[in-house]
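Overview (structure and organization)
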Amino acid sequence: MRTPDARPRRRFAAALTALTLMAGGGALTVGLQLATAPPAAALDNGLNLTPQMGFNNWNSTYCGDQFNEAMIKSIADIFVSKGLKEAGYRYVNLDDCWALPERDGAGNLVPDPVRFPHGIKALADYVHGKGLKFGIYSSAGSHTCDVKGFPGGLGHEQQDADQWAAWGVDYLKYDNCHNQGADAQTRYRTMGEALKRTGRPILYSICEWGSTGPWNWAQPVGNSWRTTGDISDTWQSMISIAQANQGLANYAKPGAFNDPDMLEVGNGGMTGTEYRTHFSLWAQMAAPLMIGTDLRTAEPETLEILTNRDVIAVDQDPLGRQGTVVSRENGLVVMSKPLADGSRSVTLTNEGSYDTTISTSAQAVGIGGAASYAVRDLWSKQTSTSSGTISAVVPGHGTAMFRVTPSSPVSPPTGMTRLSDLPFTSVSNFWGPVERDRTNGDHLAGDGQTITVRGVPYSYGLGVHAPSDIGFHLGGTCRNLVTDVGIDDDAYGNGSVVFQVFKDGVKAADSGPVTGRDAAKRLTADLTGAQELRLVVTDGGDGTSWDHADWANVRIACGDGPAAGTHQLSDVAWSSAGNSWGPVERDMSNGDNQAHDGSTITIGNATYPKGLGVNAFSEIVYYLGGSCSALSTDVGVDAEAQGRGSVSFEIYADGTKVADSGRMTAASGVKHLTAALAGANELRLVVTDGGDGTNSDHADWAAPVLTC
């Protein structure tokens, strides 16, 4: 975070509660009810379906004199001449210090006439003339972050948004300095609404530093949100920011991405090996790729890294998913990112200082079961064939990055899987393509919006137009399917369809007639032993003109859960784990922001050899596969918070809250929680802030025991 003296077409509904999954158990359940969905529907401004790519001057110039009109024009020229535009970079952005320290008599922002003698509109016109887009900077406070204190947007949101729109601005980076202690969500929502009212599509980049867990609230507000403080041009800064961002994969989707800050590639503080790791991890995490070096003096190696088309393709994959950590042990980190064609991007990162071999398998990264795999090294460009092993000798601070493609369809990975993440084995759709995590929209790919049924938005799913038929390969490994179904609000209350689920050609579920006036229906289907799955939507009998249909939050449960017996939860592999400060720790407290830097879990005077150390906001997800019955755990604020911090512990079974500690402080001591889990496919452990910010919110799940 930059401290003030630092140098360096519709959608009207409020979001509701999380989707409640229903265990299959063999019987079909089709329930008519109000749809429930996470409040994390992406902002519908049609922008940022893949992470933004561009340039921002701050990391190379700060507020130096070299930051001026001539520089920005040169960057736009270089985008074209050096192949950056062709590689996908579009935005040329200004950061702090572009304005005078005072507004004019009418309250308008005034560009610095020395830096920008022809004004901002003329500069934006120049950038647009190159076929590029133009961005600007402000802060959600009274002043911006530089020590000179340029005017911020707080209290001037609509005036500033209108001024930027008139200038032709396409992108706003909105910082968090001098915020007067005002509520972050209110400040950022106010500017977001102001941008919408201009009528100009402006990508909204929320730079709140992760202070209030923006991944929990920013998806309907902005196109991306910073998850950490500012990056600096060192290995330690870069890798610690990557570690903090890695746990937030569940919050990324097309139109809404976690932002671990701008690129430092080429600024001189790291080696070429470290910069390749930097670029690889940002692409693997579906992060914005905003160049932060002065391209006028960039070395050939810098341009080679920044224009690596294979790596960029991973970042820009239309599935829009952030890669997740498969394993992390002794500084050796494996990540897997699902790609739209059914392949996986795999990174092997050596956070240590010496060369070492890192290995994983196709099974571990989620695409096991094929006879063979094509393994393309995205840096050397060499392609080999493997029976399933993925391995490389990785230099210290280095990353090997591969695109792994199975030779034949593979079974879904163990756990809860979004069907929108899986490749189609067959697909037909009456109007345009089937859309992943968006409505069917018009007839062009990517032109849909947030899936919404009767005012309820959904985070993911499949948008179709009847008649539609989508096939998936299951390989006999899955248990059940759960989805909400309905006609999308973009049909304006029109249309009539029927949703059907087929298991190996036999109908396994049928919604009956669904009209555009109906709330969503819950549909579940037993998939035990199925090799193939088909999702079919047919016309309801009134013609197909308005049959925009949604498979909303559609997921399948595959594979077995934990074995029978009792398990220390810290010994059970999680599906995902997110934490606002460092990684989730096993059998130790959260500590600082590095892995394995905690201490013995201690709540008051009680110590625990087993447990999970976190820092709010935190979410840990486990796949149960319907095989477990209960969880018991002690909870509390760890003693390392030194009397500070306030949190709340929550336990969810298939999206339904089954235990809640209420607000706890260090003075609360130990509280014991129990939760019934019978039949649940998924367990989520959530720790939220107690209302006073996340500083010192070191929280413990102490001696959690899972009974299966």
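Before reading on, note that the structure itself is shown above.
Described in the following lines is the structure provided in the data block. (Residues numbered from 1 in each chain as written. Predicted model: local features only at pLDDT ≥ 70, side-chain atom pairs only at ≥ 80, totals over all residues. Heavy atoms only, no water.)

**Some points on helix α8 (residues 272-284)**
Convention followed: By the criteria applied, helices consist of DSSP H or I runs no shorter than four residues and strands consist of E runs no shorter than two, each listed in order from the N terminus. Helix span is expected to be 1.5 Å times the residue number reduced by one. Here the term buried applies to any residue with accessible area under 20% of the maximum for its type, exposed to any over 50%, and partly exposed to those in between, with areas from a 1.4 Å probe on protein chains only.
Under the 1.5 Å per step criterion, the end-to-end length of α8 is 18 Å for 13 residues, consistent within 8% with the ideal 18 Å. Turning to α8, its buried residues number three or more, namely G272, E274, Y275, T277, H278, F279, S280, L281, W282, A283 and Q284. Downstream of α8 by a residue or two, A286 has a phi angle that is positive, lying close to 50°.

**Description of the packing of helix α2 (residues 69-81) against helix α4 (residues 119-129)**
Spelled out, the test is: All axes are obtained by fitting lines to C-alpha atoms, using only the stretch in contact for helices, and the reported angles, taken between N-to-C directions, cover 0 to 180 degrees. The labels follow the angle: roughly parallel below 35 degrees, roughly antiparallel above 145, roughly perpendicular from 65 to 115, and oblique for the rest. Left-handed describes a crossing in which the near helix is turned anticlockwise from the far one by less than a right angle; the clockwise case is right-handed. Contacts were defined at the residue level, with two residues in contact if any of their heavy atoms lie within 4.5 Å. By the convention adopted, Pro, Cys, Tyr, Trp, Phe, Met, Ile, Leu, Val and Ala count as nonpolar, Lys, Arg, Asp and Glu as charged, and the other residues, Gly among them, as polar.
Between α2 and α4, the least distance of the axes is 10 Å, while the angle of their chain directions is 15°. One finds that α2 runs roughly parallel with respect to α4. Taken as a pair, α2 and α4 cross one another with a handedness that is right-handed. Contact with α2, carried on its side by E69, I72, K73, A76 and D77, involves G119, L123, Y126 and V127 of α4 and no other residues of that element. Of the residues belonging to the contact of α2 with α4, the class tally is 5 nonpolar, 1 polar and 3 charged.

**Side note on the sheet that holds strand β42 (residues 682-689)**
Strand pairing within a sheet occurs via backbone hydrogen bonds; the two strands may be parallel or antiparallel. Quick reminder of the rule: Here, strands pair whenever DSSP counts at least two bridges between them.
With antiparallel pairing, the 5 strands of this open sheet are ordered in space as β32-β37-β42-β39-β40. The strands lining the two open edges of the sheet, one partner per strand, are β32 (576-579) and β40 (656-665). With direction set aside, neighbouring strand axes in the sheet form an average angle of 10°. Relative to β42, strand β37 (residues 618-623) is paired through 6 bridges, and the arrangement is antiparallel. Note on β42: the bridge partner recorded for S618 is V687.

**A short note on the environment of S386**
Here is the rule we go by: For the purposes of these results, a polar contact is taken to be a pair of N or O atoms within 3.5 Å, where, inside protein, one atom must be able to donate a hydrogen and its partner to accept one; residues adjacent in sequence count only when each atom of the pair is a side-chain atom.
Of note, S386 is situated in strand β15 (residues 383-386). Along the sequence, S386 and A675 sit 289 residues apart, while their C-alpha atoms lie 44 Å from each other. From its side chain, S386 meets the backbone nitrogen of G388 in a polar contact 2.9 Å long.

**What to know about the state of the cysteines**
To be explicit about the condition: Cysteine sulfur atoms that pair up within 2.5 Å are treated as a disulfide.
Counted under the stated rule, the structure contains 4 disulfides. At a sulfur-sulfur separation of 2.0 Å, the disulfide partner of C478 is C558. Torsion about the S-S bond of the C478 and C558 cystine: about 85°, corresponding to right-handed handedness. Of this pair, C478 sits in strand β25 (residues 478-487) while C558 sits in strand β30 (residues 548-558), placing them 80 residues apart in sequence.

**Overview of empty space enclosed by the protein**
Let me state the cut-off plainly: A cavity here means a set of 1 Å grid points, computed over protein atoms only, where a 1.4 Å probe fits but cannot escape. A pocket is an open set with protein on both sides within 12 Å along at least 5 of 7 lines, and lining residues have an atom within 4 Å of a point. Grid points are joined across faces, edges and corners, and a volume is the space filled by probe spheres set on the points.
Its volume calculated, the largest cavity comes out at about 100 Å³. Lining the largest cavity are 13 residues, and of these Y171, S205, D259, M262 and M290 sit closest to its centre. Of the residues in the lining of the largest cavity, the class split is 5 nonpolar, 4 polar and 4 charged. There is about 50 Å³ of room inside the second largest cavity. Taken together, D96, C97, W98, A99, L109, Y137, S138, T144, F150 and P151 form the lining of the second largest cavity. Considering only residue class, the lining of the second largest cavity consists of 7 nonpolar, 2 polar and 1 charged.

**Describing the environment of L527**
Tracing the sequence through the fold places L527 in the loop between β28 (521-526) and β29 (532-539). By relative accessible area, L527 is classed as buried at 0%. Separated by 114 residues in the primary sequence, L527 and P413 place their C-alpha atoms 15 Å from one another.

**Quick notes on the pairing of strand β5 (residues 171-175)**
Residues in a regular strand project their side chains so that they alternate between the two faces of the sheet. Selection criterion: When the strands point away from the viewer and the connection leading from the first strand across the helix to the second strand turns clockwise, the crossover is called right-handed.
Taken across its 5 residues, β5 has 5 buried, putting it largely inside the fold. Burial along β5 is two-sided: the residues Y171, K173 and D175 and L172 and Y174 are all buried. Two elements, strand β4 (residues 133-139) and β5, share 5 bridges in a ladder whose sense is parallel. When the bridges of β5 are listed, I136 appears paired with L172. Pairing geometry for β5 and strand β6 (residues 203-206), over 4 bridges, is parallel. Of the residues in β6, the one forming a bridge with Y174 is I206. In this fold, β5 hands off to helix α6 (residues 184-197), which returns the chain to β6; that crossover is right-handed.

**Structural notes on the nonpolar core**
As a reminder, the rule being used: Throughout this description, the term nonpolar core refers to a set of buried Ala, Val, Leu, Ile, Met, Phe, Trp, Tyr and Cys residues connected via side-chain atoms within 4.5 Å.
In this structure, F79, Y89, L94, W98, W164, W282 and L295 are the most contacted members of the largest nonpolar core, which totals 95 residues. Here the element with the most residues in this core is α2; it accounts for 6 residues. When neighbours within four sequence positions are excluded, Y89 is seen to be in contact with M53, G54, F79, L84, L132, F279, L289, I291, L306 and I312.

**Some points on the side chain of N480**
Structurally, N480 is set in strand β25. At 3.4 Å, the side chain of N480 and the side chain of N681 are in polar contact.

**Considering the environment of W431**
Here W431 is to be found in the loop between β19 (426-429) and β20 (435-436). Note on W431: relative accessible area 35%, which makes it partly exposed. Residues W431 and L444, spaced 13 residues apart in sequence, show a C-alpha to C-alpha distance of 9.0 Å. Among residues more than four places away in sequence, those in contact with W431 are N440, G441, D442, H443 and H465.

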